[in-house]
Amino acid sequence: MTAPVVVHGQRLTGVDVSVVTPTVNRIALLERAMASVQAQEDLRVQHVIVGDDCPALAQPGVAARLVRDYPRTIVVVRSGCAPGVSYRPARTSFARNIGIGMASGQFIAHLDDDNEYEPDHLTSLLDALRKDPSASVAYSWRRLLTPSGSELNFRGLNPWLQDEVVSRQFFLAQQSFRIVSDGSSVMRDLPVGLDGDDRFHIDSSELLVPAAVHARLAFRTSYTQQEMAAWLCEDRAFCIDALAMGLRFAPSRKVTLRYYLGGYSNGCRPAY
């Protein structure tokens, strides 16, 4: 049975970029993300919020207030989880794909509800695609922050890995590709290692995708048992699928995503 869906807000025309944000029960963080979308420079931007089994969003008046307080916003309230989808990255992909389907923009960007954009995030991504006509996807770099907002001190560790030995080895591998460096909170992400190694990926909040490309390439909602055991996340799966299709990625080379640790993909060994 399909979960009931209620849509608040109106579809728009003449939209440059639509931003899709899945959310679950953290309205204060969501509003921080929404404010950063409202602050984007020189563009007509639509924001599509999709509740992922989000009772807080379904509370009386909440979605209506968000649409009123944040112009050019659509809020999709879904009751319950996606039918037959229990693996968390697949559930999030399902919500992202609903948002993509509601988007009106020529380009579609993504922003998780606990992250935020710098004001030039979207314009710098569009510039990256204009400068590289052969590219199909643009992406930014990100600044890693603790939940309190202070910049991360890597201390030679990868903050997503619990095992300290593996964490240190992975940090050194990323450092060799200049993705990370000591004394900096910045991640200069790559869709694929320079030697073809596929360990690296672009976070979904860094992406800008033409709507025509997203029509051919949605986020993956089906994963094998092996992929689930390895905790393959939807943003990494997107990069794998895009590269398999022969799509090229263009970096903006600008640090325009404020990425807060502590989300579901972050087991958050306290490396900060």
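See the structure printed just above.
In this text the structure is predicted, and so the values were computed from the model without any measurement. (Residues numbered from 1 in each chain as written. Predicted model: local features only at pLDDT ≥ 70, side-chain atom pairs only at ≥ 80, totals over all residues. Heavy atoms only, no water.)

Engineer: Describe the side chain of Gln-174, naming the residues involved and giving the relevant values.
Structural biologist: By the element assignment, Gln-174 lies in helix H6 (residues 164–176). Here Asn-158 takes part through its side chain, which lies 3.3 Å from a polar atom of the side chain of Gln-174. (Helix = DSSP H or I, 4+ residues; strand = E, 2+ residues; numbered from the N terminus. Polar contact = N/O pair within 3.5 Å; in protein donor to acceptor, adjacent residues only side chain to side chain.)

Engineer: With reference to specific residues and values, describe the environment of Pro-133.
Structural biologist: Examined against the element boundaries, Pro-133 turns out to sit in the loop between helix H5 (121–131) and strand E7 (137–145). Assessed through its relative accessible area of 72%, Pro-133 is described here as exposed. (Buried < 20%, exposed > 50% of the residue type's maximum accessible area, 1.4 Å probe, protein only.)

Engineer: Please give an account of the packing of aromatic side chains that cites residues and values.
Structural biologist: Inspection of every chain in the model, using the stated rule, returns 6 aromatic pairs. When the ring of Tyr-87 is compared with that of Trp-231, the centres are 5.2 Å apart and the planes differ by 85°; the resulting orientation is edge-to-face. Here Tyr-87 is found in the loop between strand E4 (73–78) and helix H4 (88–102), whereas its partner Trp-231 is found in the loop between helix H8 (225–229) and helix H9 (234–244), with 144 residues between them in sequence. Ring plane angle 45° and centroid distance 5.6 Å describe the contact between Phe-154 and Phe-171, whose orientation is recorded as tilted. Linking Phe-154 in the loop between E7 and H6 with Phe-171 in helix H6, this pair joins segments that are 17 residues apart in sequence. Each member of the pair, Phe-154 as well as Phe-171, is classed as buried. Aromatic ring contacts, followed pair by pair, group Tyr-87, Tyr-223 and Trp-231 into a single cluster. The ring of Phe-219 carries Arg-96 above its face, with NZ or CZ at 5.4 Å from the centroid. Sitting over the ring of Trp-141, Arg-188 keeps its end group 5.9 Å from the ring centre. (Phe/Tyr/Trp six-rings, centres within 6.5 Å; stacked < 30°, edge-to-face > 60°. Lys NZ or Arg CZ within 6 Å of the ring centre and 35° of its normal.)

Engineer: Account for H6, with residues named and values stated.
Structural biologist: Each full turn of the α-helix corresponds to 3.6 residues, which orients residues three or four apart in the same direction. For H6, with 13 residues, the first-to-last C-alpha span of 18 Å sits near the 18 Å given by 1.5 Å per residue. Of all the positions in H6, only Ser-167, Phe-171, Ala-173 and Gln-174 are classed as buried. Down the axis of H6, the smallest arc covering the buried residues is 160°, so these residues share one side. Turned more than 90 degrees away from the buried face of H6 sit Val-165, Gln-169 and Ser-176, all of them exposed. The backbone nitrogen of Val-165 has a side-chain oxygen 3.1 Å away, supplied by the residue at the start of H6, namely Asp-163. Directly beyond the C-terminal end of H6, a positive phi value near 65° is found at Arg-178. (Expected span 1.5 Å × (residues − 1). Arc of directions from axis to C-beta.)

Engineer: For the packing of helix H1 (residues 27–38) against helix H3 (residues 62–69), give the residues involved together with the corresponding values.
Structural biologist: If you want to describe how two helices pack, look at the angle between their axes and the distance between the axes. Interaxial distance between H1 and H3 falls to 12 Å at its minimum, and their mutual angle equals 20°. Classed by the angle they form, the pair H1 and H3 counts as roughly parallel. For H1 against H3, the interelement crossing comes out right-handed. On H3, the residues touching Ile-27, Leu-30, Glu-31 and Met-34 of H1 are Val-62, Arg-65 and Leu-66. For the contact of H1 with H3, a count of residues per class yields 5 nonpolar, no polar and 2 charged. (Axes fitted to C-alpha atoms, helices over the stretch in contact; angles between N-to-C directions. Parallel < 35°, antiparallel > 145°, perpendicular 65-115°, else oblique. Left-handed = near helix turned anticlockwise from the far one by under 90°. Contact = heavy atoms within 4.5 Å. Nonpolar A, V, L, I, M, F, W, Y, C, P; charged D, E, K, R; others polar.)

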